[in-house]
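# Structural characterization, general
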Amino acid sequence: MDDENRVFRPGAVVYEGSQISYAGSPDGYQGPLEQEIVVPDGILLPGLLNGHNHAAMSLMRGMADDSPFFEWLTQHVWPVENRLTAEDIRVGSLLAAAEMIRSGTVGFADMYFEVEATAEAIATAGMRAWISRGLVGLEDPEGEKLNQAVAFARDWQGKAEGRIVTMLGPHAPYTCPPEYLERVAEAAKLAGVGIHIHLSESADEMKQLQERYQRTPVQLASEAGIFASRTLIAHGVFIGEEDLPYLQGMTGGVITCPVSNAKLGNGILPYAMLKEAHIPVGLGTDGATSTNSLDMFLEMKAMAWLQKIAEGRPEGFHAAEALWAATRGTAEVLGHPGGRIAEGAPADFIVVDGNQAHMTPEWDVVANLVYSAVGSDVRYVVINGRIVLQEGIITTFDEAEVIREAKARGERLMREGAKH
Ligand SMILES: [Zn+2]
């Protein structure tokens, strides 16, 4: 996965500090090595980039699944979210980090609250994160939360050796009226940060905004000036032809979350249309409360399956496109130089164990990675030149302790929930 998508057998990657200094055949490198790790049957590829998450929602995994969306959100998720402490969010973020690292994710874009707790957790975990405080305009008439979000964005920008990038996160046009979106757009421009927003996720949202403003979510965002800054659009299921003129001039792109979209019964991203219009498409999981799993290998499968269903033909979407979305695609949306293996690229890569029954034989390495591999096949994860997963063991924090704590906190939240 260099710029020409070459596959080397055997292959070697050399990195120095936080950058890849060589990638290719082992014979092609003659320089010194401080340490050498050989992984027989290992498949080395860029670390996966999860373009849309609410990491701390891992503490609510499996809560009220299979109920109607607005009932699920207003009667189950919101009451529990109101009781989450900063410490819950720190532990929930670490729980998500453990799951993400184990399944080969090196960085993710996050939107939530108590974002300092998430930022601290991620600094500890050794991952990359694009963090934004979620903003609900309807609950922020004075703009106090927007001010806090901007302060966070300024304070944490580039922290943790540059692994943390901050953004502003207006939740969506149905929770943020146009005037509020305008204020966020202005603040993002002033602070020089990108914007992370949910757009065109459900049929209900489209109907609501059409009735209220006679606009699509993309048109509303564009008119409010959101696209003047780099913008990460989460979901985009209902983006239509009429939205393309607004999207074509923007920096950023769309992150598709196929498992979440399927599980909530929302629909399928119009990927072919966006591809034709040269709008970058990346891949994300959404929070574990809606998706249950943060495994990007599962997400790649779901993207491929759903796009093939949408196209009505197997050749309508290729495995390499799913792998691209999970690496370069998300990187392009975020404006990040990663998602590829090449000299000068960030030293962010993973090694998948190819010596397993479900990976044998290997007619096509990309097909095996997308259609056969699962997250637990990942053996090594290197982020910013640091080994974060070594032979299946997380090196940056005590995973067993985090699981114990998360269980206890989850049980407390369930007990408190029963009192309501
Ligand atoms: Zn979301």
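Residues numbered from 1 in each chain as written. Predicted model: local features only at pLDDT ≥ 70, side-chain atom pairs only at ≥ 80, totals over all residues. Heavy atoms only, no water.

An unreviewed UniProt entry annotates the protein as 5-methylthioadenosine/S-adenosylhomocysteine deaminase originating from Sulfobacillus harzensis. Among the UniProt annotations of the protein, the heading Sequence similarities (unreviewed entry) holds the following wording: "Belongs to the metallo-dependent hydrolases superfamily. MTA/SAH deaminase family." (UniProt positions renumbered as here; feature names shortened; annotations may be inferred.)

So, about the overall build of the protein. On a plain count of helices and strands, the protein comes out with 15 helices and 15 strands. Every one of the 420 residues in the protein was classed for burial, and the buried ones make up 56%. Partitioning the contacts of the protein with sequence separation of at least 6, the portion at a separation of at least 24 is 73%. For the protein, the accessible area works out to roughly 17600 Å², and carbon and sulfur atoms hold 51% of it. (Helix = DSSP H or I, 4+ residues; strand = E, 2+ residues; numbered from the N terminus. Buried < 20%, exposed > 50% of the residue type's maximum accessible area, 1.4 Å probe, protein only. Contact = heavy atoms within 4.5 Å. Areas by Shrake-Rupley, 256 points an atom, 1.4 Å probe, with all protein chains shown as cover.)

In this numbering, the UniProt entry assigns the feature "binding site: Zn(2+)" (unreviewed entry) to His 52, His 54, His 198 and Asp 286. Their sequence span is 235 residues, while the largest C-alpha to C-alpha distance among them is just 12.0 Å; these annotated residues converge on one region. From the set just named, the residues that line the second largest pocket comprise His 52, His 54, His 198 and Asp 286. Within the element layout of this structure, His 52 appears in strand S4 (residues 48–53). Here His 52 falls in the buried class, since its relative accessible area comes to 0%. At 3.1 Å, the side chain of His 52 forms a polar contact with the side chain of His 198. Looking at where His 54 falls in the secondary structure, it is placed in the loop between S4 and helix H1 (69–81). (1 Å grid on protein atoms, 1.4 Å probe; cavity = no way out; pocket = protein on both sides within 12 Å on 5 of 7 lines; lining within 4 Å. Polar contact = N/O pair within 3.5 Å; in protein donor to acceptor, adjacent residues only side chain to side chain.)

As a further point, take empty space enclosed by the protein. Within this structure, the stated rule accounts for two cavities of 30 Å³ or more. As a volume, the largest cavity reaches approximately 70 Å³. Phe 69, Phe 70, Tyr 174, Glu 201, Ser 202, Glu 205, Gln 208 and Asn 266 together form the lining of the largest cavity. For the lining of the largest cavity, the elements supplying multiple residues, two or more each, are H1 and helix H6 (203–213). Of the residues belonging to the lining of the largest cavity, the class tally is three nonpolar, three polar and two charged. (Points joined across faces, edges and corners; volume = space filled by probe spheres on them. Nonpolar A, V, L, I, M, F, W, Y, C, P; charged D, E, K, R; others polar.)

The step from Arg 9 to Pro 10 runs through a cis peptide bond, and the omega angle for that step is -10 degrees. The omega torsion across Thr 360 and Pro 361 is -10 degrees, close enough to zero to call that bond cis. Tracing the backbone through its elements, the reader meets Pro 361 in the loop between strand S12 (349–353) and helix H14 (365–372). The phi angle at Asp 66 is positive, at roughly 70 degrees, despite the residue not being glycine. Following the sequence through the fold, Asp 66 ends up in the loop between S4 and H1. The class of Asp 66 is exposed, set by a relative accessible area of 79%.

Once that is clear, we can look at the coordination of the zinc ion. Geometry reference: four tetrahedral donors at a metal, ideal angle 109.5 degrees. Six octahedral donors, ideal angles 90 or 180 degrees. Protein-derived ligands of the zinc ion are His 52 (NE2), His 54 (NE2), His 198 (NE2) and Asp 286 (OD), with the metal-ligand distances lying across 2.1 to 2.6 Å. If you look at the zinc ion, its four donor atoms make angles of 85 to 171 degrees with each other, and the shape they trace is irregular. Taken in chain order, the donor set of the zinc ion reads H-x1-H-x143-H-x87-D. A residue pair is termed long-range when its members are at least 10 positions apart, and His 52 in strand S4 and Asp 286 in the loop between strand S11 (281–283) and helix H11 (288–291) qualify at 234 residues. The exposure classification of His 52 matches that of Asp 286, with both residues buried. (Donors = N, O, S within 2.8 Å, 3.2 Å for Na, K, Ca; no water. Tetrahedral: all angles 85-135°; square planar, octahedral: opposite > 155°, others 65-115°.)

If you trace the five strands from one edge of the open sheet to the other, you get S3-S12-S13-S14-S15, paired in antiparallel fashion. Only two strands of the sheet have a single partner each, and these edge strands are strand S3 (42–46) and strand S15 (393–394). By the bridge criterion, five bridges tie S3 to S12 in an arrangement that is antiparallel. Of the residues in S12, the one forming a bridge with Gly 42 is Asp 353. (Pairing = 2+ DSSP bridges.)

Across the sheet, eight strands lie side by side as S4-S5-S6-S7-S8-S9-S10-S11; this open sheet has parallel pairing. In the strand order of this sheet, the two ends are held by S4 and S11, each with one partner. Neighbour-to-neighbour, the strand axes of the sheet open up by a mean angle of 25 degrees, direction not taken into account. Along the sheet, helix H4 (residues 144–156) contacts strand S6 (128–135) and strand S7 (164–170); its crossing angle with S7, the most-contacted strand, is approximately 165 degrees. (Axes fitted to C-alpha atoms, helices over the stretch in contact; angles between N-to-C directions.)

Let us look at the layout of surface pockets. As a volume, the second largest pocket reaches approximately 820 Å³. Around the second largest pocket, the lining is made up of 32 residues, and of these Trp 78, Glu 81, Phe 113, Val 136 and His 171 lie nearest the centre. Of all elements in the fold, only H1, strand S5 (105–112) and S6 reach the threshold of two or more residues within the lining of the second largest pocket. Taken together, the residues that form the lining of the second largest pocket break down as 15 nonpolar, 10 polar and seven charged.

Moving on, we get to the UniProt feature "domain: Amidohydrolase-related" (unreviewed entry) in the protein. When the UniProt feature table is mapped onto this chain, "domain: Amidohydrolase-related" (unreviewed entry) is found at residues 43–388. Across residues 43–388 one finds 42% helix and 19% strand; the C-alpha atoms that close the span lie 17 Å apart.

What follows concerns the side chain of Asp 286. With no salt bridge to any partner, buried Asp 286 finds its closest opposite charge in Lys 263, at an N-O distance of 9.7 Å. Only 3.3 Å separates the side chain of Asp 286 from the side chain of His 235, close enough to count as a polar contact. For Asp 286, the contacting residues outside a window of four places in its chain are His 52, Asn 53, His 54, Glu 201, His 235, Cys 257, Ser 260, Thr 291 and Leu 294. (Lys, Arg positive; Asp, Glu negative; His and termini not counted. Salt bridge = Lys/Arg side-chain N within 4 Å of Asp/Glu carboxyl O.)

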